[in-house]
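Fold and contact review
Spelled out from the first residue to the last, the chains are:
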Amino acid sequence: MTTQGSHPQKYVGARVSRVDGPAKVRGEATYTAEFEVPNLAHAVLVSATIAHGRIRKIGDEAARAVPGVLDVLSHQTPGLDLKDVKGYPRGPAGTAILPFQNGEVLFRGQPIAVVVAESLEAARHAALLLDIEYAPDDFRATLEEGRRGWPFIDKKKPRQLQHSRGDASRALKDAATTFEASYDTPVQHHNPMEMHAVIAAWDGEDRLTLYEPTQWMQSAPGVLAQTLGLDPDHVHVISPFVGGGFGNKATTWPHLLVTVLAARVLGRPVKLVLTRAQMFAAVGYRAATRTSYRVGLDAGGQLAAVDLQAESQTGPVDLFPEQVGNVAKMLYANENMDLTHTMIRTHAGPNIMMRAPGEAPGSFGLEVLMDELAEKAGLDPLAFRRLNHAPENQDPESGLPYSSKHLLECYERGAAAFGWARRTPQPGSMRDGRTLIGWGMATAVYPVYTSAATARARLCGDGRIEIEAGSHDIGTGTYSILAQIAADELGVDIGQVGVKLGDSRLPKNGYSGGSRTAGSVGSAVQAAASGLRQELADLALGAPESPLHGAAPVDLEARDGGLYVKGSDRGERYTTILKRTGRDQYDAYRETIPNGGSEKDLEKLKQGQESSVEAVTERYARYSFGAVFAEVRVDPDFLTPRVSRLVGAFDIGKVLNAKTAESQLTGGMIWGVSAALHEVTHTDPRTGLILNSNLADYHVPVNADIGEVQAIMLDYPDYHVSAMGVRGAGEIGIVGTAAAVANAVYHATGKRVRETPITLDKLL
Amino acid sequence: MTHSVWEAPETGELPLSLTVNGVQRHLTLPVQASLLDTLRERLHLTGTKKGCDHGQCGACTVLVDGQTHLSCLTLALSCEGREVRTVESLAGEGGALHPMQAAFIEHDAFQCGYCTPGQLMSAVACVETGHAGSEGEIREFMSGNLCRCAAYPQIVAAVRSVAGGQGEQP
């Protein structure tokens, strides 16, 4: 039985300040390493200093002699056996190489030992005293070296991803003009401000409490079920605040297993926090890629054929494709395409998704290519993109209509806000005094990923509402948007809503990645909150004592913490309805399956497995779009490009919170600036080790590197995604921005750089 | 300087007295303990964050005798007799938010929140030391504090609103 009662939107869509803001600015938000657990021992991880080889021995006498040291564990320690992780999630990902199982070193920075002590200071000191002897072997540390072939054991041959449509080779022959170019993107490391950390506390032999910063509550229980045979329901993960993730907290890494093993051996809780240098080791990275294009244009400047040979690096055991060809497959109208994407093994450890995996590096190549093609066709870069725009009714890859596409409006509004019409086409033609000015633009696109989701809404005796979802707020604003949704559904003040996230005992949800959380978990919370409202309405309508008895359900509205007949005072507060039931609280639990998904997705989710509904369903191709415009200023003597202005216009579906969504978009755009000008992990070719594994040498923008940043949101709900029409905002901001900046650098200097980051050595 | 430092290896620990957020503390610490680890691991004042432990990110910024310090690069024992202030001391009587804390919320000057305590300590110093005269000056002063979520434009807006409002609530 349902009621149709209305629930005016007061909070959804508005500029609502983060509900977790006060805790964060007071320093009261508790991140993993900050939980107080009695009798805690401190662990320091030791990482391999070779890229490939064997450990001859680990001498630990001096380390054990340090006062306060409790134990040193490594592959030399008996009884640390772990069973392999298979097919979970998308292959073993972070646990492809299990710690301490043998003396083999398969990647730089692989965890090889752990020192546990009464104090952090003692553990850190002792870790420096380990005497480690290696037998180094030949290695392939980088994508470039990986091309020489992999003469080592390979149980899982690197596969190729392929896509073909039309007849690209014939169309290339027939094209009016052809163009070839290759684009390179480097290894990058996520480097969230909060380093990975774990506190593991056993309760007996088969129950475990884990504090860890995670983008996926269900990952560690699933991995521990396979490696140690634990019941996943006996692994309690607690992670209320996550100090940034960007993808590398969405899987389980070896250090978590190390901490769990150490806590078991010692029989007491153990805390392990990675060092910043270790954040460049065994917690994933964005793989280096190369995209090599051969493109044909017809006489009118339209794309006639695209041949794309793509390469991405991957680890020594697992296979994770950095899907750099995805954007080129679908973004522009083109009937003839050949794509081959080859994965190349390296001794760089398992790679993993990093903010807009595939789309971010892929759009750098594609969108610089489009700039080059526009010039070749004698067209303005924006006019050239409009000319090759894929119509709303036909996704070039699937042939399906788009669920909702407003890219042309993004072009229009972005260009107007930026002032693009004032651009003069000739490189070097715009100046401010001596300073060279460059204006560049690019298209942004990101697929819509969704998951089945579950949530509980609770009315408490004091009238407060509690929302429970085993999901995550990694800085994305999940706490806030869920509170907004619930407050609107129930007609209560947002201050009356408490949201609980980050606990594996809460209703299960999928990982927070692929910009899926707002739409997916938001839908479940909307269902639970409206379900609660409807059940309470049914109780009131059916109770003779209620002033609502006999009223028509369709006439009800939720407001002022209760239910009322629209436009009248006839009604009652939720607490009155609750009191009548004789209960302390009233719960409504709901499960949702997104459009294009099935019961199977929900079942997988409830079993703690990955549940992801892809962007292209049977009926629609579902993508978010955007257009990014960049201004760079380049000193003509020092050739140091600085981004003075960025404008992005984004079609991301319904915007739940204009304030936090805007911040996600501007943050993503600044990540694009970082990719364009700053960010690169340097590998020493002689040792295979990382040369800049710290935040002074691994450059990310600081405040002074960033000028004006504006994000415009179109706010068209996409009802082919969900009833809420939400598509997500976390990733699209980075897509296209690096290319927009690179194109602006070309416009300022006349120098075309086809490799990120664009540092001054490449402009000389 | 006494000779006790050189006698330390016997136990590796020395006594320390300092004031933290107005409270007198007496501790016995390993000689190498940083102020950051002392705050977080021994005094359970976890508002101050560890982002790099190398003085490169600014997340651990605190005030020592009124000056901003990177607590990860500060030996705790060097703070004998000094007064340390952390983010936990920013809020006023009855827990009322400091204007800078309120401005950070209003302008959405953080996402994950992990760099925020350090940003706030620097932001307060930016205004109090008269370095918030223009957006450019604020950006320069605040550039010792990394924010990987990249809330930089919002941080500048928050600092400006406090500087412009003479410390009033934005």
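From a predicted model like this one, the values you see are computed outputs, not experimental measurements.

Calculation rules
- Residues numbered from 1 in each chain as written.
- Chains lettered and ligands numbered in written order.
- Predicted model: local features only at pLDDT ≥ 70, side-chain atom pairs only at ≥ 80, totals over all residues.
- Heavy atoms only, no water.
- Axes fitted to C-alpha atoms, helices over the stretch in contact; angles between N-to-C directions.
- Helix = DSSP H or I, 4+ residues; strand = E, 2+ residues; numbered from the N terminus.
- Parallel < 35°, antiparallel > 145°, perpendicular 65-115°, else oblique.
- Left-handed = near helix turned anticlockwise from the far one by under 90°.
- Contact = heavy atoms within 4.5 Å.
- Nonpolar A, V, L, I, M, F, W, Y, C, P; charged D, E, K, R; others polar.
- Buried < 20%, exposed > 50% of the residue type's maximum accessible area, 1.4 Å probe, protein only.
- Pairing = 2+ DSSP bridges.
- Domains from an automatic or database assignment.
- Buried area = accessible area lost by both parts, 1.4 Å probe.
- Salt bridge = Lys/Arg side-chain N within 4 Å of Asp/Glu carboxyl O.
- Polar contact = N/O pair within 3.5 Å; in protein donor to acceptor, adjacent residues only side chain to side chain.
- Phe/Tyr/Trp six-rings, centres within 6.5 Å; stacked < 30°, edge-to-face > 60°.
- Lys NZ or Arg CZ within 6 Å of the ring centre and 35° of its normal.
- Core = buried A, V, L, I, M, F, W, Y, C linked by side-chain atoms within 4.5 Å.

**Here's the deal with the packing of helix 12 (residues 478-490) of chain A against helix 13 (residues 517-541) of chain A**
Residues and elements named next belong to chain A. Taken N-terminus to C-terminus, the directions of helix 12 and helix 13 make an angle of 30°; their axes are 9 Å apart at the nearest point. As summarised for this structure, helix 12 and helix 13 are arranged roughly parallel, according to the angle between their axes. Between helix 12 and helix 13 lies a crossing of right-handed hand. On the side of helix 12, the interface is formed by Thr478, Ile481, Leu482, Ile485, Ala486, Glu489 and Leu490, while helix 13 contributes Thr517, Ala518, Val521, Gly522, Val525, Gln526, Ala529, Ser530, Leu532 and Arg533. Along the lines of polarity and charge, the residues of the contact of helix 12 with helix 13 split into ten nonpolar, five polar and two charged.

**Considerations on unusual backbone geometry**
With an omega of -5°, the peptide bond running from Thr756 of chain A to Pro757 of chain A counts as cis. In this structure, Pro757 of chain A sits in the loop between helix 17 (737-749) and helix 18 (760-763). Residues other than glycine seldom take positive phi values, yet Phe246 of chain A does so here, at roughly 60°. Examined against the element boundaries, Phe246 of chain A turns out to sit in the loop between strand 11 (235-238) and helix 7 (254-266). A relative accessible area of 12% means that Phe246 of chain A is categorised as buried. The phi torsion at Asn21 of chain B lies on the positive side, around 50°, for a residue other than glycine. Position of Asn21 of chain B relative to the elements: it lies in the loop between strand 1 (13-20) and strand 2 (23-30).

**Remarks on the sheet that holds strand 20 (residues 497-500) of chain A**
Adjacent strands of a sheet pair through backbone hydrogen bonds, lying either parallel or antiparallel. All names here are of chain A. Pairing in this open sheet of four strands is mixed, and the strands run 20-19-18-24 from one edge to the other. At either margin of the open sheet sits one strand with a lone partner, and together these are strand 20 and strand 24 (586-592). Each adjacent strand pair in this sheet contributes to an overall mean axis angle of 15°, direction not counted. Where strand 18 (residues 453-459) meets strand 19 (residues 465-468), four bridges bridge the pair, whose relative direction is antiparallel. Looking across to strand 19, one finds that Arg456 is bridged to Glu468. Sitting on the sheet, helix 12 touches strand 19 and strand 20, and the angle it makes with strand 20 is about 135°.

**So, the domain arrangement of chain A**
All names here are of chain A. One can read the domain layout of chain A as domain 1 (21-28 + 451-606) and domain 2 (355-448 + 616-763). For domain 1 and domain 2, the distance between their C-alpha centres works out to 37 Å. With 16 residues of domain 1 at the contact, the number on the domain 2 side is 17 residues. Here domain 1 meets domain 2 over a buried area of about 1200 Å², counting both sides, of which 51% is carbon and sulfur. Applying the counting rule to domain 1 against domain 2 returns zero salt bridges. Scanning the region where domain 1 abuts domain 2 turns up nine residue pairs in polar contact (both at pLDDT 80 or more). When contributions to the side of domain 1 that touches domain 2 are tallied by element, the ones reaching two or more residues are helix 12 and helix 13. The greatest single-element share of the side of domain 1 that touches domain 2, amounting to five residues, is contributed by helix 13. Taken together, the residues of the side of domain 1 that touches domain 2 break down into four nonpolar, twelve polar and no charged.

**Some points on the packing of aromatic side chains**
Going through the model one piece at a time under the given rule, you end up with 18 aromatic pairs over all chains. Note on Tyr183 of chain A and Phe364 of chain A: the rings are 6.5 Å apart at their centroids and 85° apart in plane angle, and the pair reads as edge-to-face. Placement of the pair is Tyr183 of chain A in strand 8 (residues 177-185) and Phe364 of chain A in helix 9 (residues 359-377), with a sequence separation of 181 residues. Comparing Tyr183 of chain A with Phe364 of chain A shows no difference in burial state: the two are buried. A ring pair is formed by Tyr446 of chain A and Tyr449 of chain A, whose centres lie 6.0 Å apart and whose planes are at 85°; its orientation type is edge-to-face. Following the ring pairs from residue to residue traces out a cluster consisting of Tyr31, Phe241 and Tyr479 of chain A together with Tyr114 of chain B. Across the ring face of Tyr511 of chain A, the terminal group of Arg516 of chain A is positioned such that the distance to the ring centre comes to 4.7 Å. Over the ring of Phe418 of chain A we find Arg645 of chain A, and its NZ or CZ is 4.2 Å from the ring centre.

**Considerations on the nonpolar core**
Counting residues in hydrophobic clusters, the biggest one holds 191 residues, and the most contacted among them are Val741 of chain A together with Phe104 of chain B. Beyond its immediate chain neighbours, meaning those up to four positions away, Val741 of chain A contacts Ala630, Val632, Val643, Leu646, Val673, Ala676 and Leu677 of chain A. Val198, Ala250, Trp253 and Leu274 of chain A belong to the second-largest nonpolar core, a separate cluster that totals 44 residues.

**Re the domain arrangement of chain B**
Frequently, the measure chosen for interface size is the accessible area removed from exposure when the parts meet. All names here are of chain B. For chain B, the assigned domains are domain 1 (4-89) and domain 2 (93-164). Its C-alpha centre places domain 1 at a distance of 23 Å from the equivalent point of domain 2. The junction of domain 1 with domain 2 conceals about 1000 Å² of combined surface from both sides, 65% of it contributed by carbon and sulfur atoms. When residues of domain 1 are sorted by the area they lose upon contact with domain 2, Lys49, Thr61 and Val87 head the list and together hold 41% of the total. Across the domain 1-domain 2 interface, the total number found is zero salt bridges. At the boundary of domain 1 and domain 2, one finds three residue pairs in polar contact (both at pLDDT 80 or more). Among the residues forming the side of domain 1 that touches domain 2, the class breakdown is five nonpolar, seven polar and four charged.

**Side note on the sheet that holds strand 4 (residues 104-105) of chain A**
Across the sheet, which stays open at both edges, the three strands sit in the order 4-2-6 (chain A) with antiparallel pairing between neighbours. Strands at the two margins of the open sheet, each flanked by one partner only, are strand 4 and strand 6 (131-136) of chain A.

**Details of the pattern of salt bridges**
All names here are of chain A. Tallied over the full model, the rule gives 56 salt bridges over all chains. Among the salt bridges present, the one from Asp154 reaches Arg345, with a minimum N-O distance of 3.0 Å. Of this pair, Asp154 sits in the loop between helix 4 (143-146) and strand 7 (160-165) while Arg345 is found in strand 15 (residues 337-345), placing the two residues 191 residues apart along the sequence. Here Asp154 falls in the buried class, since its relative accessible area comes to 16%. On the accessibility criterion, Arg345 (2% relative accessible area) is buried.

**Describing the interface of chain B and chain A**
Across the contact, 49 residues belong to chain B and 58 residues belong to chain A. Of the roughly 4300 Å² buried where chain B meets chain A, counting both sides, 55% is carbon and sulfur surface. The interface formed by chain B and chain A holds eight salt bridges in total. The salt bridge partner of Arg124 of chain A is Asp37 of chain B, with a shortest N-O separation of 2.9 Å. Mapped by element, the contributors of at least two residues to the side of chain B that touches chain A are helix 2 (35-42), helix 3 (99-106), helix 4 (116-128), helix 5 (135-141) and helix 6 (152-164) of chain B.

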